[in-house]
Amino acid sequence: MKLDNKKIFKTLNPNKVWVPILIGLGIVFAMFYFDPNVNTKTLKGVFDASLPYIFLAILVIIFRDAGYVYRIREITQRELTWTRAIYVIILWEFASAVTPSVVGGTAVAIFILNKEGIKLGRAISFVMVTAILDNLFFVIGAPIILFFAKGNIFPDSKILENQLENSLQAIFWISYGLYATYSLIMAAALFYRPRVFKWVLIKIFSIKWLRKWKHDAQEYGNQIIEASKELSGKKWSYWIPIILATIFIWSSRYLMLNALISAYVPLSLDNHVIVFARQVIMWIVMMISPTPGSSGTAEFFFGQFFTQFLDGYTFVTSILWRLLSYYPYLILGAIFLPRWIRQVFFKKKKTPSQSHD
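Here's what I pulled together on the structure shown here.

Rules and cut-offs
Residues numbered from 1 in each chain as written. Predicted model: local features only at pLDDT ≥ 70, side-chain atom pairs only at ≥ 80, totals over all residues. Heavy atoms only, no water. Salt bridge = Lys/Arg side-chain N within 4 Å of Asp/Glu carboxyl O. Buried < 20%, exposed > 50% of the residue type's maximum accessible area, 1.4 Å probe, protein only. Patch = residues over 30% accessible without salt bridge, like charges linked within 9 Å, V, L, I, M, F, W, Y side chains within 5 Å. Areas by Shrake-Rupley, 256 points an atom, 1.4 Å probe, with all protein chains shown as cover. Helix = DSSP H or I, 4+ residues; strand = E, 2+ residues; numbered from the N terminus. Expected span 1.5 Å × (residues − 1). Axes fitted to C-alpha atoms, helices over the stretch in contact; angles between N-to-C directions. Parallel < 35°, antiparallel > 145°, perpendicular 65-115°, else oblique. Left-handed = near helix turned anticlockwise from the far one by under 90°. Contact = heavy atoms within 4.5 Å. Core = buried A, V, L, I, M, F, W, Y, C linked by side-chain atoms within 4.5 Å. Phe/Tyr/Trp six-rings, centres within 6.5 Å; stacked < 30°, edge-to-face > 60°. Lys, Arg positive; Asp, Glu negative; His and termini not counted. Charge placed at Lys NZ, Arg CZ, Asp CG, Glu CD. Polar contact = N/O pair within 3.5 Å; in protein donor to acceptor, adjacent residues only side chain to side chain.

1. Examining the pattern of salt bridges
Here is step 1: Under the defined criterion, the tally for this structure stands at eight salt bridges.
Here is step 2: Put simply, aspartate 65 and arginine 64 hold a salt bridge, and the shortest N to O gap is 3.2 Å.
Here is step 3: We classify arginine 64 as buried; its relative accessible area is 6%.
Here is step 4: For aspartate 134, the salt bridge goes to arginine 71, with nearest N and O atoms at 2.9 Å.

As structure tokens, this is what we get:
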């Protein structure tokens, strides 16, 4: 696999933070201007929040990020120090925040791990493992949490009924089917029959109108084989911590909003489950968003999914939700990126000449 440094540095560009910020602010302004239920009195509602629950929401975010840092260390078999793991996660989150969710930051993550001294083949395998585990959490966890939500998963929204009718449910189940199929195929390819996967891939891309991508398919097949070699023979002592960390990370990601909503309105146990479940649905909607980090899409759908619980506090909660869960990674990425570039590219280049002197 050849990493296109120019493309990656176009993604890892601190100036890119302005695009999602402007989109998000534009949507928030439009909601404020056009929604008759939103006014200056609504904005003052931000001060009605229960501080212990706000603190809990922030604490849950910190736990989630600590889980990410722990998981990448365990996946790389502690090849990364705690400091380097923090850099990797911040830059990975930054890359995800400035690219459309459907694109993601996979290539950037491989690039970052590689520049941290991990061989390319191993970096590919580690990123693939995180992707498969994240997808499997959704594939396995979604039916369980939706079962406990007792059918109250899709929001009762006039806007969504007028614009999407029943297509929101269709989007969710089609997306779920695609995620499940992709995850199972990739898991089978990585852990069971990588060479068969490569053979099938080459056969598919030997079809006349797909032939121009045959070389890329062959390269991808080689990556899977290389990644499979790296992961084969790993014991349960390797897999259990990273599986548990994945469950912890995604549970924390969703529970943050439960805490934030609880800061404004009391939630029963059943409502907590419904809020959690609806985030699973909204995550799928956000994943197919064409905007960087689902900016704008997230703010719009938040109101449709959670106004049932928040009523007059919906607008301020949506702003707080994004301020806590999204914008910090844009800011941290813009701060840490120049430092990381100096550490990885320039200090390493100076070392040989310094030792020569």
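After that view, the rundown keeps rolling.
2. Quick word on a nonpolar patch on the surface
Here is step 1: A cluster of nonpolar side chains, contributed by Val196, Trp199, Val200, Ile204, Ile207 and Trp209, occupies part of the molecular surface with about 620 Å² of accessible area.
Here is step 2: Residue isoleucine 204 is classed as partly exposed on the basis of its relative accessible area, which comes to 39%.

3. Here we look at helix H11 (residues 214–231)
Here is step 1: With 18 residues, H11 ought to run about 26 Å at 1.5 Å a step, and its terminal C-alpha atoms sit 26 Å apart, in line with that.
Here is step 2: Within H11, the full set of buried residues consists of Ala217, Gly221, Gln223, Ile224, Ile225, Ala227, Ser228, Glu230 and Leu231.
Here is step 3: Just beyond H11, the residue with positive phi is glycine 233, at close to 85°.

4. Details of the packing of helix H14 (residues 297–310) against helix H15 (residues 314–325)
Here is step 1: Relative to each other, H14 and H15 sit at 130°, their axes nearing to 9 Å. Judged on the interaxial angle alone, H15 and H14 are oblique. When the axes of H14 and H15 are compared, the crossing they make is right-handed. Together, Ala298, Glu299, Phe302, Gly303, Phe306, Thr307 and Leu310 of H14 and Thr314, Thr317, Ser318, Trp321 and Arg322 of H15 make up the contact between the two elements.

5. Comments concerning the side chain of serine 252
Here is step 1: Looking at the secondary structure, you find serine 252 in helix H12 (residues 236–262).
Here is step 2: Serine 252 has contacts with Val60 and Arg64, leaving out every residue within four places of it along the chain.

6. Things to note about the nonpolar core
Here is step 1: With 111 residues, the main nonpolar core has Leu113, Phe138, Leu260, Ile261, Phe306, Trp321 and Trp340 as its most contacted residues.
Here is step 2: Those residues in contact with tryptophan 340 that sit more than four places away from it in its chain are Arg84, Tyr87, Leu91, Phe111, Ile112, Lys115, Glu116 and Phe345.

7. A few points about H15
Here is step 1: Between its first and last C-alpha atoms H15 spans 16 Å; for twelve residues at 1.5 Å apiece the expected length is 16 Å, and the two agree.
Here is step 2: Taking burial as the measure, the twelve residues of H15 include nine buried ones, the bulk of the element.
Here is step 3: Residues of H15 that are buried: Thr314, Phe315, Val316, Thr317, Ser318, Leu320, Trp321, Arg322 and Leu324.

8. Section: the packing of aromatic side chains
Here is step 1: Evaluated as defined, the whole model comprises 21 aromatic pairs.
Here is step 2: Between tryptophan 250 and tryptophan 283 the ring centres are 5.1 Å apart and the planes differ by 80°, which places this aromatic pair in the edge-to-face class. Pair noted here: tryptophan 250 is in helix H12 and tryptophan 283 is in helix H13 (residues 269–287), with a separation of 33 residues, a long-range link. Per residue, the accessibility class of tryptophan 250 equals that of tryptophan 283, and both read buried.
Here is step 3: Between tyrosine 254 and phenylalanine 276, the aromatic rings sit 5.2 Å apart at their centres with planes inclined by 85°, giving edge-to-face as the arrangement.

9. Focus: the packing of H12 against H13
Two measures define how a pair of helices packs: the angle their axes make with one another and the distance between the axes.
Here is step 1: In contact at an axis separation of 9 Å, H12 and H13 are set at 125° when each is read in the N-to-C sense. If you check the angle between H12 and H13, you find them oblique. Considering only the axes of H12 and H13, their crossing is right-handed. Taken together, the residues of H13 that come into contact with H12 (itself represented by Trp250, Ser251, Arg253, Tyr254, Leu255, Leu257, Asn258, Ile261 and Ser262) are His272, Val275, Phe276, Gln279, Val280 and Trp283.

10. Considerations on a positive patch on the surface
Here is step 1: A contiguous patch of positive charge, built from Lys203, Lys208, Arg211 and Lys214, is present on the exposed surface.
Here is step 2: Its place among the elements puts arginine 211 in the loop between helix H10 (194–204) and H11.
Here is step 3: A relative accessible area of 49% places arginine 211 in the partly exposed class.

11. What about the side chain of glutamate 116?
Here is step 1: Within the element layout of this structure, glutamate 116 appears in the loop between helix H6 (106–115) and helix H7 (120–148).
Here is step 2: A polar contact of 2.9 Å, which involves the side chain of glutamate 116, links it to the side chain of arginine 84.

12. Describing the environment of valine 17
Here is step 1: Positionally, valine 17 belongs in the loop between helix H1 (5–11) and helix H2 (18–34).
Here is step 2: As a C-alpha pair, valine 17 and isoleucine 331 span 314 residues in sequence and 7.7 Å in three-dimensional space.
Here is step 3: Apart from residues no more than four positions distant in its own chain, valine 17 is found in contact with Phe94, Val98, Leu330 and Ala334.

13. Description of the environment of phenylalanine 197
Here is step 1: Secondary-structure assignment places phenylalanine 197 in helix H10.
Here is step 2: Note: C-alpha distance between phenylalanine 197 and asparagine 222 (25 residues apart in sequence) is 9.9 Å.

Just distances and angles here, no functional claims.
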